[in-house]
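# A look at the structure
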Amino acid sequence: MTSDPSAPTPPTPEQQALLQALTAVLEPLARLAVGRGLPYSAFEELAKSAFVRAAHAAHPDLPEHRRVSRISTTTGLSRREITRIVQTPERPPAPRSHASEVFARWMSDPQYRDASGHPLTLPRQGQAPSFESLAQSVTRDVHPRSLLEELVRLGLAVLDEPTDTVRLHREAFVPRGDLARMLHFLGDNVGDHLSGAVANVQGNGSRHFDQALFAEGLSDAAMHAFRELVQTQWHSLRQALVPALQALLDADQSAGRSGSHRVRIGLYSYDAVQPLAPPPVPEKPKRPRGRPRKSMENP
């Protein structure tokens, strides 16, 4: 028998594993795109642009007149398509979120926390520690009242008008009701997590910390207790890491050291309801070989 040269080459075990990993990553993104009404054509355009950027970064030393051909060979896209994508202006980066910076400073700066590490209730105006001084320590381009209104709108802070004080409503920056900002966080958090995991795989090492625990068969009561445990552990981790990171930043500033590194630390959990496996069907006892027995019947 002769092989058909036009038949596709079956994937290697490594390629098969890669396809399975990409499927696990892409299916949640597809659910998000479908759920928010994003057509496949827009998703496809994003994928093409990402492939072109990745191929461009993989061959940084090639001269310009050869780069398009190499990217075409690497990605399978046509030269015309690559030229169009390269010439398309990039979208501007997301605007800086002063509200999230005020929130982070409130949670991390010892001047705005009590002895137990919890954020203080602050007078709206006045000398530090006050909300006015907190806001101005982040930016003087936005009025403190505007920043306060934004935190209140996001459900993150509460203004007590009789006492003219401000307190945090929750200890996690989850801007419920602001879909655009939640999507921005999704891109930042998941993007950095995935970038670290990909770098570990491609570098065949573990430069970026990426560990997880897994369990199954938990009841509803166990899941409720588990969610409370995760919240407690995250609170402890944040209380330990935020002041330590701020101290490192302060030490760099005092020593006059400039740096280009950025870091993101997260703790994630995910739970899904899985269908219970049906109980095993008991095997029927085998009858001994020999003369068959008569069945007993009612008269």
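This one's a predicted model, so the numbers in the text were calculated from it and none came from an experiment. (Residues numbered from 1 in each chain as written. Predicted model: local features only at pLDDT ≥ 70, side-chain atom pairs only at ≥ 80, totals over all residues. Heavy atoms only, no water.)

Attention now moves to the overall build of the protein. In terms of regular secondary structure, the protein is built from nine helices and three strands. Ordering the α and β elements of the protein from the N terminus gives α-α-α-α-α-β-α-α-β-β-α-α. The 299 residues of the protein split such that 19% are buried. For the protein, long-range pairs separated by at least 24 residues make up 46% of all intrachain contacts whose partners lie at least 6 apart in sequence. Accessible surface, the protein: about 24000 Å² in total, of which carbon and sulfur atoms supply 57%. (Helix = DSSP H or I, 4+ residues; strand = E, 2+ residues; numbered from the N terminus. Buried < 20%, exposed > 50% of the residue type's maximum accessible area, 1.4 Å probe, protein only. Contact = heavy atoms within 4.5 Å. Areas by Shrake-Rupley, 256 points an atom, 1.4 Å probe, with all protein chains shown as cover.)

Moving on to the sheet that holds strand S3 (residues 165–168). Each strand in a sheet pairs with its neighbour through backbone hydrogen bonds, running either in the same direction (parallel) or in the opposite one (antiparallel). Spatially, the three strands line up as an open sheet ordered S1-S3-S2, and their pairing is antiparallel. Of all the strands in the sheet, just strand S1 (122–123) and strand S2 (157–160) have a single pairing partner and so form its edges. Direction of pairing for S2 relative to S3: antiparallel, over a ladder of four bridges. By the bridge assignment, Ala 157 is partnered in S3 with Leu 168. Contacting S1 and S3, helix H5 (residues 98–108) runs over the sheet at an angle of about 85° to S3. Relative to the sheet, helix H7 (residues 144–153) contacts S2 and S3, its axis offset from that of S2 by approximately 115°. (Pairing = 2+ DSSP bridges. Axes fitted to C-alpha atoms, helices over the stretch in contact; angles between N-to-C directions.)

Quick look at helix H4 (residues 79–87) now. Among the residues of H4, those classed as buried are Glu 81, Ile 82 and Ile 85. The arc that holds the buried residues of H4, viewed along the axis, is 100°, so those residues lie on one side. Exposed residues on H4 whose side chains face more than 90 degrees from its buried face are Arg 80 and Gln 87. Contact partners of the buried residues in H4: helix H2 (40–58) and helix H3 (64–75). (Arc of directions from axis to C-beta.)

In this structure, Ser 133 sits in helix H6 (residues 131–138). Within the structure, Ser 133 has its side chain in polar contact with the side chain of Tyr 112 (distance 2.9 Å). If we skip the residues at most four places from it in the chain, Ser 133 touches Tyr 112, Gly 126, Gln 127 and Ala 128. (Polar contact = N/O pair within 3.5 Å; in protein donor to acceptor, adjacent residues only side chain to side chain.)

Moving on, we get to the packing of H6 against H7. One way to put it is that H6 packs onto H7 with a least axis distance of 9 Å and a crossing angle of 100°. Between H6 and H7, the angle is such that the two are roughly perpendicular. Across the interface between the two elements, Phe 131, Glu 132, Ala 135 and Gln 136 from H6 touch Pro 144, Leu 147, Leu 148 and Leu 151 from H7. Counted by class, the contact of H6 with H7 contains six nonpolar, one polar and one charged residues. (Parallel < 35°, antiparallel > 145°, perpendicular 65-115°, else oblique. Nonpolar A, V, L, I, M, F, W, Y, C, P; charged D, E, K, R; others polar.)

For the protein, mean pLDDT is 83; residues scoring 70 or higher make up 84% of the total. Per-element confidence in the protein is highest for S1, whose mean pLDDT is 94, and lowest for H5, whose mean pLDDT is 84. Predicted confidence is poor over residues 290–299, with pLDDT under 50, and the contacts of this stretch with residues over four places away or in other chains come to zero contacts. (pLDDT = per-residue confidence, 0-100.)

Before going further, it helps to examine the pattern of salt bridges. On inspection of all chains with the given rule, the structure shows 10 salt bridges. Its salt-bridge partner being Arg 153, residue Glu 150 comes within 3.0 Å of it at the nearest N-O pair. You can see Glu 150 and its partner Arg 153 sitting in helix H7, three residues apart, about one turn around the helix. Asp 271 is the partner of Arg 227 in a salt bridge, and the nearest nitrogen-oxygen pair spans 3.0 Å. Taken together, the residues span a long stretch of sequence, with Arg 227 in helix H9 (residues 220–255) and Asp 271 in the segment after H9 at a distance of 44 residues. (Salt bridge = Lys/Arg side-chain N within 4 Å of Asp/Glu carboxyl O.)

With that out of the way, let us pick up unusual backbone geometry. With an omega of 0°, the peptide bond running from Ala 128 to Pro 129 counts as cis. Within the fold, Pro 129 resides in the loop between S1 and H6.

For the rest of this paragraph, the subject is H5. Given 3.6 residues per helical turn, the α-helix brings residues three or four places apart onto the same face. By the criterion of burial, H5 is predominantly enclosed, with eight of the 11 residues buried. When we look at burial in H5, the residues that qualify are His 98, Ala 99, Ser 100, Val 102, Phe 103, Trp 106, Met 107 and Ser 108.

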